Amino acid sequence: LAAVKINTIGDRNGQMLHNLLLDRINPKGRPATPLYSLDIQLTEQKANIGIIKDSSATLAQLGSTANYTLYDLKARKALQSGRSRSFTSYNIVQSDFATLSAEKDARERTLRELADDITTKIAVFLNARKQQGS
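Residues numbered from 1 in each chain as written. Predicted model: local features only at pLDDT ≥ 70, side-chain atom pairs only at ≥ 80, totals over all residues. Heavy atoms only, no water.

**Details of helix 1 (residues 11–25)**
Over its 15 residues, helix 1 runs 21 Å from end to end, which matches the ideal 21 Å to within 8%, given 1.5 Å per residue. Of all the positions in helix 1, only Asn 13, Gly 14, Met 16, Leu 17, His 18, Leu 20, Leu 21, Leu 22 and Ile 25 are classed as buried. Buried residues along helix 1 sit in contact with strand 1 (4–6), strand 2 (36–51), strand 3 (57–72) and helix 2 (96–132). (Helix = DSSP H or I, 4+ residues; strand = E, 2+ residues; numbered from the N terminus. Expected span 1.5 Å × (residues − 1). Buried < 20%, exposed > 50% of the residue type's maximum accessible area, 1.4 Å probe, protein only. Contact = heavy atoms within 4.5 Å.)

Written out as structure tokens, the structure is:
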């Protein structure tokens, strides 16, 4: 994993996911001469799912999807592509500040889960590749 360069991911959520991946994949710093490159496209969905009689929402679901591709920089080809998804919910309360805090926490949880899942999938792939002698 230390030979994987994580490319920039657009917007603030992408920046947060990028930093989480750096912590997991490159904990000792970015590779000086990477063998692999990781591209990620991140999307977020939000939906109100708890509706009461006056049509106000009391619960929201936040989902994030990361489509990723791992490239071999030497061969200049894609090695693995995949998708990771994470969903969580949070309460919508009368206090706007509390609701925003809950949404922020939910977003951070989904991004942590995505980072863990992507790291695991890439580690398993690279380990299998190493076992095959590729």
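**A short note on the environment of Ser 86**
Topologically, Ser 86 is positioned in strand 4 (residues 77–91). Counting along the chain gives 27 residues from Ser 86 to Glu 113, while the straight-line C-alpha distance between them is 6.4 Å. Beyond its immediate chain neighbours, meaning those up to four positions away, Ser 86 contacts Leu 62, Gly 63, Ser 64, Thr 110, Glu 113 and Leu 114. Polar contacts involving the side chain of Ser 86 include one to the side chain of Glu 113, which spans 2.5 Å. (Polar contact = N/O pair within 3.5 Å; in protein donor to acceptor, adjacent residues only side chain to side chain.)

**Describing the pattern of salt bridges**
Summed over all chains, the structure comprises seven salt bridges. A cluster of three or more residues bridged by salt bridges with shared partners is formed by Glu 44, Lys 46, Glu 103 and Arg 107. (Salt bridge = Lys/Arg side-chain N within 4 Å of Asp/Glu carboxyl O.)

**Some details on helix 2**
Compared with the 54 Å implied by 1.5 Å per residue over 37 residues, the 54 Å span of helix 2 between its first and last C-alpha is a close match. Phi for Gly 133, located one or two positions after helix 2, is positive at around 85°.

**As for the sheet that holds strand 3**
An order of 1-2-3-4 is seen for the four strands of this open sheet, with the pairing classed as mixed. One side of each edge strand has no neighbouring strand; the edge strands of this open sheet are strand 1 and strand 4. Each strand of the sheet is rotated relative to its neighbour by a mean of 25°, with strand direction disregarded. Bridge analysis of strand 2 against strand 3 gives 15 bridges, and the strand direction is antiparallel. Across the sheet, residue Lys 46 finds its bridge partner in strand 3, namely Leu 62. Relative to strand 2, helix 1 is tilted by about 125°, and along the sheet it contacts strand 1, strand 2 and strand 3. Contacting strand 1, strand 2, strand 3 and strand 4, helix 2 crosses the sheet at an angle of about 155° to strand 4. (Pairing = 2+ DSSP bridges. Axes fitted to C-alpha atoms, helices over the stretch in contact; angles between N-to-C directions.)

**Some remarks on the pairing of strand 3**
Pairing between strand 3 and strand 4: 14 bridges, direction antiparallel. Bridging across to strand 4, Asn 67 finds its partner in Arg 83. Between strand 3 and strand 4, which pair antiparallel in sequence order, lie four residues; one of them, Arg 76, sits at a positive phi of approximately 55°.

**Description of unusual backbone geometry**
Of note, the phi angle at Asp 11 is positive, near 65°, even though the residue is not glycine. Counting through the fold element by element, Asp 11 comes out in helix 1. Residue Asp 11 is classed as exposed on the basis of its relative accessible area of 54%. One non-glycine residue with positive phi stands out, namely Arg 76, at about 55°. On the secondary structure map, Arg 76 appears in the loop between strand 3 and strand 4.

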